[in-house]
Amino acid sequence: MSTTAVTAPMRNYRGRFAPSPSGPLHFGSLVAAVGSYLDAKSNQGTWLVRIEDIDTTRVVDGAAKDILNTLEAYGLYWDEEVVYQTKRHDLYTHTINNLNNQQLIYACHCSRKEIKALGGIYQGRCRHLKHSQSSSALRLIQQHATCQYHDLIQGEVNVAHALAHEDYFIKRSDGLFAYQLVVVADDIAQGITHVVRGADLLEPTARQLSLFKQLVSTAPHYAHLPLAVAKPGLKLSKQNYAPAISKSNPKPALLNAFEFLGLAPKDELLELNIEQMLAWAVDNYSLQNVPKVTQIQISQNPHSHTTAFTHLNK
């Protein structure tokens, strides 16, 4: 078993929030935004916003602008220019060329249906078939399989051996760059030192750690926040029509996000303005107080300051 500890040296903190513009922000995405923001600001760090619009098939017109307007309504102002993945194709092409020069990429013609029929894990069928890379999906030969790593919230994370060793897609057959490639290329290019995001990305992080190694780059520290769920296993998401958070009345949802992240806010905070509420949260925030679970069930409307949360076991 390969074990990877996240051991990026402590340097100037650079964190980021990276939403995909497939719809408006909901309470679950607010938790990720606030969690990454508070962790950055409590460490005197820089907080960036990256619009992850690489999968253009899921992009909703106007969603990116709406997301940025929502962040501003909640007082979450970014410190550098917003980055859009669709404007960084040269970076991703350069990264793929780098891997290709190492003879670590091959074309794959296997369909998802075929892989699912074989158990759901790709077995390397096309690795030695020498298909043309033109108009083909591209896979990366896994050289640094990561079966275990340390997360700053969730502790030791174990990933199935077969999944960790799988050759995974870095470019799709439709020509779109794959998330696993672009997120690592972006984090390297932006000098990201800390990634605070939802626990639905615990397993993909193992692949990202492997790619950082392959690209001879230091991986960030990772901290995976509990997911906000309507019921066990059903996270709030744009796909299941989670309601958008209010831009006109942000205080109740912001207060709920503080509580979700392990703070103990009082209703009196609602008498403050947004800037003052965030200043209080920065002063009182500690990553150690974030609940060490992967899901928290929301029992009531997250836009009301009477929301109740139920911590669910991993």
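Residues numbered from 1 in each chain as written. Predicted model: local features only at pLDDT ≥ 70, side-chain atom pairs only at ≥ 80, totals over all residues. Heavy atoms only, no water.

Draft legend 1. Summary view of the nonpolar core. In this structure, F27, L30, V34, L38, L71, L76 and F258 are the most contacted members of the largest nonpolar core, which totals 50 residues. Of all the secondary structure elements, the ones that give two or more residues to this core are helix 1 (27-42), strand 3 (46-51), helix 2 (63-73), strand 11 (221-225), helix 8 (251-260), helix 9 (274-284) and strand 14 (295-298). Looking at this core, the element that brings in the most residues is helix 1, giving nine residues. In this structure, I54, C126, A185 and A199 belong to the second largest nonpolar core, which totals 45 residues. (Core = buried A, V, L, I, M, F, W, Y, C linked by side-chain atoms within 4.5 Å. Buried < 20%, exposed > 50% of the residue type's maximum accessible area, 1.4 Å probe, protein only. Helix = DSSP H or I, 4+ residues; strand = E, 2+ residues; numbered from the N terminus.)

Draft legend 2. Seen up close, empty space enclosed by the protein. Applying the stated criterion across every chain yields a total of two cavities of 30 Å³ or more. Considered as a void within the structure, the largest cavity measures approximately 60 Å³ in volume. If you trace the largest cavity, you find it lined by C110, E114, I115, L118, I121, Y122, Q123 and R125. Along the lines of polarity and charge, the residues of the lining of the largest cavity split into five nonpolar, one polar and two charged. Its volume calculated, the second largest cavity comes out at about 30 Å³. In terms of residue count, helix 7 (residues 202-214) provides more of the lining of the second largest cavity than any other element does, three residues in total. A breakdown of the residues in the lining of the second largest cavity according to their chemical character gives three nonpolar, five polar and no charged. (1 Å grid on protein atoms, 1.4 Å probe; cavity = no way out; pocket = protein on both sides within 12 Å on 5 of 7 lines; lining within 4 Å. Points joined across faces, edges and corners; volume = space filled by probe spheres on them. Nonpolar A, V, L, I, M, F, W, Y, C, P; charged D, E, K, R; others polar.)

Draft legend 3. Summary view of the pattern of salt bridges. The final tally for this structure, using the stated rule, is 12 salt bridges. With a closest N to O distance of 2.6 Å, D187 and R50 form a salt bridge. Placement of the pair is D187 in helix 6 (residues 179-189) and R50 in strand 3, with a sequence separation of 137 residues. In this pair, the class of D187 matches that of R50, namely buried. A salt bridge links R172 to D55, with the nearest nitrogen and oxygen atoms 3.4 Å apart. Taken together, the positions of R172 in the loop between strand 9 (168-171) and helix 6 and D55 in the loop between strand 3 and helix 2 put the pair 117 residues apart, joining distant regions of the chain. Relative accessible area serves as the criterion here: at 28%, R172 is assigned to the partly exposed category. Within the structure, one salt-bridge network assembled from shared partners comprises R16, R50, E52, R88, D186 and D187. (Salt bridge = Lys/Arg side-chain N within 4 Å of Asp/Glu carboxyl O.)

Draft legend 4. Expanded view of helix 7. Taking 1.5 Å as the rise per residue, helix 7 with 13 residues should run 18 Å; its terminal C-alpha atoms sit 19 Å apart, in good agreement. The element helix 7 is largely enclosed, with a buried count of 11 among its 13 residues. Buried within helix 7 we find L202, P204, T205, A206, R207, Q208, L209, S210, L211, F212 and Q214. (Expected span 1.5 Å × (residues − 1).)

Draft legend 5. Main features of the confidence of the model for the chain. On average, residues of the chain score 91 in pLDDT, and 90% of them reach the 70 mark or higher. Long-range and interchain partners of residues 1-10, a stretch whose pLDDT sits below 50, account for 27 contacts in this model, where long-range means more than four residues apart. (pLDDT = per-residue confidence, 0-100. Contact = heavy atoms within 4.5 Å.)

Draft legend 6. Spatial organisation of the environment of D283. Among the secondary structure elements, D283 is positioned in helix 9. In sequence terms D283 and L38 are 245 residues apart; their C-alpha atoms lie 9.0 Å from each other.

Draft legend 7. Here's a closer look at unusual backbone geometry. With a phi angle near 55°, Q44 is a residue other than glycine that sits in the positive phi range. Looking at the secondary structure, you find Q44 in the loop between helix 1 and strand 3. Given a relative accessible area of 71%, Q44 falls into the exposed group. For S135, which is not a glycine, the phi torsion comes out positive at approximately 60°. Its location among the elements puts S135 in the loop between helix 4 (112-117) and strand 6 (137-140). You can call S135 exposed: its relative accessible area is 69%.

Draft legend 8. Local environment of the sheet that holds strand 2 (residues 14-17). With parallel pairing, three strands are arranged side by side in an open sheet as 2-3-4. The strands lining the two open edges of the sheet, one partner per strand, are strand 2 and strand 4 (83-84). In this sheet, strand 3 lies alongside strand 2 in parallel orientation, the contact comprising four bridges. Counted as the bridge partner of G15 is W47 from strand 3. Here helix 1 sits on the sheet and contacts strand 2 and strand 3; the angle it forms with strand 3, its principal contact strand, is near 150°. Across the sheet, helix 2 touches strand 2, strand 3 and strand 4, and the angle it forms with strand 3 is around 155°. (Pairing = 2+ DSSP bridges. Axes fitted to C-alpha atoms, helices over the stretch in contact; angles between N-to-C directions.)

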